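Each chain is listed here by its residues.
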Amino acid sequence: MTTPPVARTDPRRITQLGRVRVDDYAWMKDENWQDVLRDPSVLRADIAAHLHAENAYTAAILAPTEALQADIVAEMKGRIRQDDSYPALPHGPWRYYMRFAAGAQHPIHARHPEGRPQDETVLLDVDQAARGHDYFSVAATAHSPDHRLFAHAEDSQGSEIYRIVIRDIASGAQVGPAIESCSGNFTFSPDSAWLFWTWRDDHGRPTRIFRRRIGTDADTLVYHEQDPGFFIGVEASRSGRWIVISASNQDTSESWLIPGARPEDAPRCVEPRRNGVRYDLSHWGDRFVILTNADGAVDFKLAEAPDTAPGRANWRDLVPHEPGRYITGCMAFSGHLVWRERRDANTALVIRDTDGRQHTLSSDEDAYVLSLSGSYEYDTRELRYVYQSPTTPRQWHAYDMQARTRHLLKTQDIPSGHDPALYRCWRLTATAPDGEQVPITVLGRRGTPIDGSAPLLLYGYGAYGHAIEPTFSTEALSLVDRGWFYAIAHVRGGSEKGWNWFLGGRGRNKPNSFTDFIACAEELITACFTRAGRIVGDGRSAGGMVMGAIANMRPDLWAGIVAVVPFVDELNTMSDTSLPLTPPEWPEWGNPLQDEAAYDLIAGYAAYEQVAPRPYPAILAIGGLTDPRVTYWEPAKWVARLRAHTTATRPILLRTNMEAGHAGASGRFDSLKESALIQAFAIWAATMSQPA
């Protein structure tokens, strides 16, 4: 198919808050989309035919890049160790870890007794469990505190509707029936007798937490969230003293406690939800440490309160608020408290002992990431953390928090070879239209000319306070080794420069994310890393919203745009209360069902609504049929409308993954095919945009 599919128009007139819009492609939403999430084969025939036609057209247009795609997959695969493993984490007499068998798509979860790695017990072979499934993902795993049981949450559709399976480790036998319709979140009780788990309703929302006696099918309702805009979850404190239920939206949170020694007790609320106040709990000795934005602590602070009376009236500052220092989270050990903080898109770890002495782990690289890598043990001096940068592969460290000594456990192995000295990372800043300084991280190979001739891929996200950190990417090297620059625009809406950086790109400030991204592109042009028409924009999910907006605002800047599971039909989605994320997302974008200003704001930037006759660049949109977050019809509708309006001849392409959801293919090698497709499209688009 070298002729693009022409989607039929079936105008649907929508009147809302006195405003009228017409949606020509609303028919692409299957009325029974909830059933499609659980069984993709029931997708309406006309929709399925259209999506298959789009896939065929995309395959035909990009057929000349198939050899390039194969080369890129081989390169990426060559940078992955076939029999890779991760450092084992101690827990009592055991060491728990994850490894890959040579050639396996999915990991093996295993353990061995301390000092006897030859005596391995396989807890879960995900590759074996995935056989017969086009898609298979494990969201969470856990062993019981008494080391007898192992549980995991699996999804075989990509819809993020999970089932939990519990097995006896000694025999391998399943213990009791599987738990269906879960969110993937669960925790064992400290006595190993109960499993607390989170249920998803028919709209895909986590709304209830149940307690199940392990080995039975008897569930007791523990907590029911009445507000459809709140997400819920459950976990056990690291101390083992408490079971914590959390409920939150983007602005507000609330926690409930159950004593670990009495898991059948009813939960009690720590502090009733108050609009705009967020708090999270970590149990430390005889107190709770509270990470909160209360009392104007925009970038969050740490407070403490007795575990016998943890309400807000008893909160006392432990680490006071400091503007520009965003505390992202903390972890409690018996003798130490560790928190992670971010300043200007880089991170540090701060370690404090029970006497109040503290010290910091950081780096002097221009761009880097320090992150906690988890721990099962509470009563330990050992901290596990990972260091990486765009030029430096991941390094796993064990750190003695008392002696302040570290031990390198593992460096990410790149079988095909990697010399950090061959690459360089830059940290630039772009000036936004309102004067804000937007960080940019750039990776390039030394010797790539900085004279405007190089193509550049610019990645952005900018939502939910999620920072895009300057991590090491084996995939980005395939572009960089071909003479490209790879850049990240740390736009507002993320938290790279603190929580105010997030607030500056949400709600009524959302357009800042788009103008920040454009400012970053212009700064990269000014700095001669590239030039207009040589840039490929790339964004996923809410980052796809940015891609849709910048395609409308400045089509001249881009050789191409990649939008993966893109949130581009914002006005219609935020007006559909049946969808899983609509009520929870109103604090992020606004509620166009009740707020005229929110309606007008969203309508003014929504990618789908703002499509108009323009010379659009080449565009590749990728969707997932069973995606519960950004539904498949969003990119499908957007592409149909773009194709009907573009005044350029550059192709507008849609590829729908008919066997996966929001995360794409689940296997570690299968996922490389999508990455290679994106890079091959970028190279093809940049080449096509050059004058003959």
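Residues numbered from 1 in each chain as written. Predicted model: local features only at pLDDT ≥ 70, side-chain atom pairs only at ≥ 80, totals over all residues. Heavy atoms only, no water.

Describing the UniProt feature "domain: Peptidase S9A N-terminal" (unreviewed entry) in the protein
Working step 1: As recorded in UniProt, the feature "domain: Peptidase S9A N-terminal" (unreviewed entry) lies at residues 5-411.
Working step 2: When the span residues 5-411 is considered, its composition is 10% helix and 43% strand, and the gap between its end C-alpha atoms is 48 Å. (UniProt positions renumbered as here; feature names shortened; annotations may be inferred. Helix = DSSP H or I, 4+ residues; strand = E, 2+ residues; numbered from the N terminus.)

A short note on the sheet that holds strand β15 (residues 242-248)
Working step 1: Spatially, β14-β15-β16-β17 is the arrangement adopted by the four strands of the open sheet, whose pairing is antiparallel. Each end of this open sheet is capped by a strand with a single partner; those strands are β14 (231-236) and β17 (268-269).
Working step 2: Pairing geometry for β14 and β15, over six bridges, is antiparallel. Bridge pairing links Gly233 to Ser246 in β15. (Pairing = 2+ DSSP bridges.)

Remarks on the pattern of salt bridges
Pairing is possible between side chains that carry opposite charge, provided their charged atoms lie close to one another.
Working step 1: By the definition in use, this model includes 51 salt bridges.
Working step 2: Among the ionic pairs, Arg643 bridges to Glu54, the shortest N-O distance being 2.9 Å. Here Arg643 is found in helix α13 (residues 633-645), whereas its partner Glu54 is found in helix α2 (residues 45-61), with 589 residues between them in sequence. Grouping residues by exposure puts Arg643 and Glu54 together as buried.
Working step 3: For Arg273, the salt bridge is made with Glu225, and the minimal N-O distance between the two is 2.8 Å. Note that Arg273 is positioned in the loop between β17 and β18 (279-284) and Glu225 in the loop between β13 (219-224) and β14, a separation of 48 residues in sequence.
Working step 4: Looking at Arg273, the relative accessible area reads 28%, which means it is partly exposed. (Salt bridge = Lys/Arg side-chain N within 4 Å of Asp/Glu carboxyl O. Buried < 20%, exposed > 50% of the residue type's maximum accessible area, 1.4 Å probe, protein only.)

Some thoughts on the packing of aromatic side chains
Working step 1: For the structure on display, the rule yields 22 aromatic pairs.
Working step 2: Ring plane angle 70 degrees and centroid distance 5.8 Å describe the contact between Tyr86 and Trp396, whose orientation is recorded as edge-to-face. In this pair, Tyr86 is assigned in the loop between α3 (66-78) and β3 (89-91) and Trp396 in strand β28 (residues 395-400), connecting sequence segments 310 residues apart.
Working step 3: The class of Tyr86 is partly exposed, set by a relative accessible area of 33%. (Phe/Tyr/Trp six-rings, centres within 6.5 Å; stacked < 30°, edge-to-face > 60°.)

Some thoughts on the pairing of strand β34 (residues 535-540)
Working step 1: Along β34, five of the six residues are buried, which leaves the element largely enclosed by surrounding structure.
Working step 2: Two strands pair when backbone bridges link them, and strand β32 (residues 456-460) and β34 are joined in this way by four bridges, in the parallel orientation. Within the sheet, the bridge partner assigned to Leu456 lies in β34 and is Ile535.
Working step 3: Note that β34 and strand β35 (residues 558-564) share six bridges and pair parallel. Residue Asp538 lies in a different strand from β35, and its bridge partner there is Val562.

Section: the environment of Val438
Working step 1: Take Val438: it is sitting in strand β31 (residues 437-445).
Working step 2: Judged by relative accessible area, Val438 falls into the buried class, the value being 0%.
Working step 3: Separated by 85 residues in the primary sequence, Val438 and Glu523 have C-alpha atoms spaced 10.0 Å apart.

Description of the pairing of strand β19 (residues 287-292)
On a regular strand, each side chain points to the face opposite its neighbour's, so the side chains alternate between the two faces of the sheet.
Working step 1: Within β19, six of the six residues are buried, which leaves it mostly tucked inside the rest of the structure.
Working step 2: Alignment of β18 against β19, held across six bridges, turns out to be antiparallel. Note that in β19 the partner of Trp284 across the bridge is Arg287.
Working step 3: Between the end of β18 and the start of β19, which pair antiparallel, lie two residues, with Gly285 showing a positive phi angle near 65 degrees.

Details of unusual backbone geometry
Working step 1: The residue His147 is not glycine, and still its phi comes out positive at about 70 degrees.
Working step 2: Tracing the backbone shows His147 in the loop between β7 (137-143) and β8 (149-155).
Working step 3: Within the chain, Asp295 stands out as a residue other than glycine whose phi angle is a positive 60 degrees.
Working step 4: Here Asp295 is to be found in the loop between β19 and β20 (301-306).

A short note on helix α8 (residues 542-553)
Note on helix geometry: an α-helix contains 3.6 residues per turn, so any two residues three or four positions apart are oriented the same way.
Working step 1: For α8, which comprises 12 residues, the first-to-last C-alpha distance of 17 Å matches the rise-based estimate of 16 Å (1.5 Å per residue) to within 8%.
Working step 2: Most of α8 is tucked away: 11 of the 12 residues are buried.
Working step 3: Within α8 the residues assigned to the buried category are Ala542, Gly543, Gly544, Met545, Val546, Met547, Gly548, Ala549, Ile550, Ala551 and Asn552. (Expected span 1.5 Å × (residues − 1).)

Some points on the sheet that holds strand β10 (residues 179-188)
Working step 1: Taken together, seven strands build an open sheet; the order of strands is β7-β8-β9-β10-β11-β12-β13 and the sheet is antiparallel. Each edge of the open sheet carries a strand with a single partner, namely β7 and β13. Between one strand axis and the next, the sheet turns through 30 degrees on average, direction left out of account.
Working step 2: The sheet contact formed by strand β9 (residues 162-168) and β10 spans two bridges and is antiparallel. Of the residues in β10, the one forming a bridge with Tyr162 is Cys182. (Axes fitted to C-alpha atoms, helices over the stretch in contact; angles between N-to-C directions.)

Examining the UniProt feature "domain: Peptidase S9 prolyl oligopeptidase catalytic" (unreviewed entry) in the protein
Working step 1: Sites flagged by UniProt as "domain: Peptidase S9 prolyl oligopeptidase catalytic" (unreviewed entry) map to residues 471-683.
Working step 2: Secondary structure content for residues 471-683 is 43% helix and 15% strand, and the end C-alpha separation is 23 Å.

Let's talk about the side chain of Ser675
Working step 1: If you trace the backbone, Ser675 turns up in helix α14 (residues 670-688).
Working step 2: Those residues in contact with Ser675 that lie beyond four places of it in its chain are Met76 and Glu475. (Contact = heavy atoms within 4.5 Å.)

Considering the domain arrangement of the protein
Working step 1: Each assigned domain of the protein is listed with its residue range as follows: domain 1 (20-63 + 554-569 + 607-691) and domain 2 (86-324).
Working step 2: A straight line from the C-alpha centre of domain 1 to that of domain 2 covers 34 Å.
Working step 3: Each partner contributes to the interface: domain 1 provides 19 residues, whereas domain 2 provides 18 residues.
Working step 4: In total, about 1,500 Å² of surface goes out of reach between domain 1 and domain 2, with carbon and sulfur atoms giving 44% of it.
Working step 5: The largest per-residue losses of area from domain 1 upon contact with domain 2 belong to Arg38, Ser666 and Arg668, which jointly make up 39% of the total buried on that side.
Working step 6: Counting every contact that joins domain 1 to domain 2 gives one salt bridge.
Working step 7: The closest approach of N and O atoms between Glu160 and Arg629, which form a salt bridge, is 2.8 Å.
Working step 8: Applying the counting rule to domain 1 against domain 2 returns nine residue pairs in polar contact (both at pLDDT 80 or more).
Working step 9: Take the side of domain 1 that touches domain 2: its biggest share by element is four residues, from helix α1 (residues 33-38).
Working step 10: Taken together, the residues of the side of domain 1 that touches domain 2 sort by class into seven nonpolar, seven polar and five charged. (Domains from an automatic or database assignment. Buried area = accessible area lost by both parts, 1.4 Å probe. Polar contact = N/O pair within 3.5 Å; in protein donor to acceptor, adjacent residues only side chain to side chain. Nonpolar A, V, L, I, M, F, W, Y, C, P; charged D, E, K, R; others polar.)

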